Amino acid sequence: MSYVDPSIKDKFETLSKELQEAILERDVKLYSMKDLIKVLEEIVAEGE
């Protein structure tokens, strides 16, 4: 089950609903902005 730390939840919620869902489907643990950026980079790389 995915987890978004409260310290970055505000930033996470600025993303589109579709992107939030795509991230949460990956079953990731997001404790920092670095974790969030890493997942976003993976999604971009897969789309190329």
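Residues numbered from 1 in each chain as written. Predicted model: local features only at pLDDT ≥ 70, side-chain atom pairs only at ≥ 80, totals over all residues. Heavy atoms only, no water.

Enquirer: Explain the nonpolar core here, please?
Expert: In a soluble, globular protein the nonpolar side chains are often hidden away together inside. Core analysis: the biggest nonpolar cluster contains nine residues, these being Val 4, Ile 8, Phe 12, Leu 15, Ile 23, Val 28, Leu 30, Leu 36 and Val 39. Among the secondary structure elements, those contributing two or more residues to this core are helix 1 (6-12) and helix 3 (33-47). (Core = buried A, V, L, I, M, F, W, Y, C linked by side-chain atoms within 4.5 Å. Buried < 20%, exposed > 50% of the residue type's maximum accessible area, 1.4 Å probe, protein only. Helix = DSSP H or I, 4+ residues; strand = E, 2+ residues; numbered from the N terminus.)

Enquirer: What should I look at first to understand the packing of aromatic side chains in this one?
Expert: To describe a pair of aromatic rings, one takes the distance between the centres and the angle between the planes. A complete count under the given rule lists one aromatic pair for this structure. Measuring from ring centre to ring centre gives 5.3 Å for Tyr 3 and Tyr 31, while their planes differ by 45°; the resulting arrangement is tilted. One end of the pair, Tyr 3, is in strand 1 (residues 3-4); the other, Tyr 31, is in the loop between strand 2 (29-30) and helix 3, and 28 residues separate them in sequence. (Phe/Tyr/Trp six-rings, centres within 6.5 Å; stacked < 30°, edge-to-face > 60°.)

Enquirer: What should I look at first to understand the pattern of salt bridges in this one?
Expert: Any two side chains of opposite charge can pair, on the condition that their charged atoms come close. This model, assessed by the stated rule, comprises three salt bridges. Note that Arg 26 and Glu 42 form a salt bridge whose closest N and O atoms lie 3.9 Å from each other. Here the residue Arg 26 occupies a position in the loop between helix 2 (17-24) and strand 2, and Glu 42 occupies one in helix 3, the gap between them amounting to 16 residues. Relative accessible area serves as the criterion here: at 28%, Arg 26 is assigned to the partly exposed category. In this structure, Arg 26 and Glu 46 form a salt bridge, with 2.5 Å as the shortest nitrogen-oxygen distance. Of this pair, Arg 26 sits in the loop between helix 2 and strand 2 while Glu 46 sits in helix 3, placing them 20 residues apart in sequence. Under the relative-accessibility criterion, Glu 46 is labelled exposed at 56%. (Salt bridge = Lys/Arg side-chain N within 4 Å of Asp/Glu carboxyl O.)

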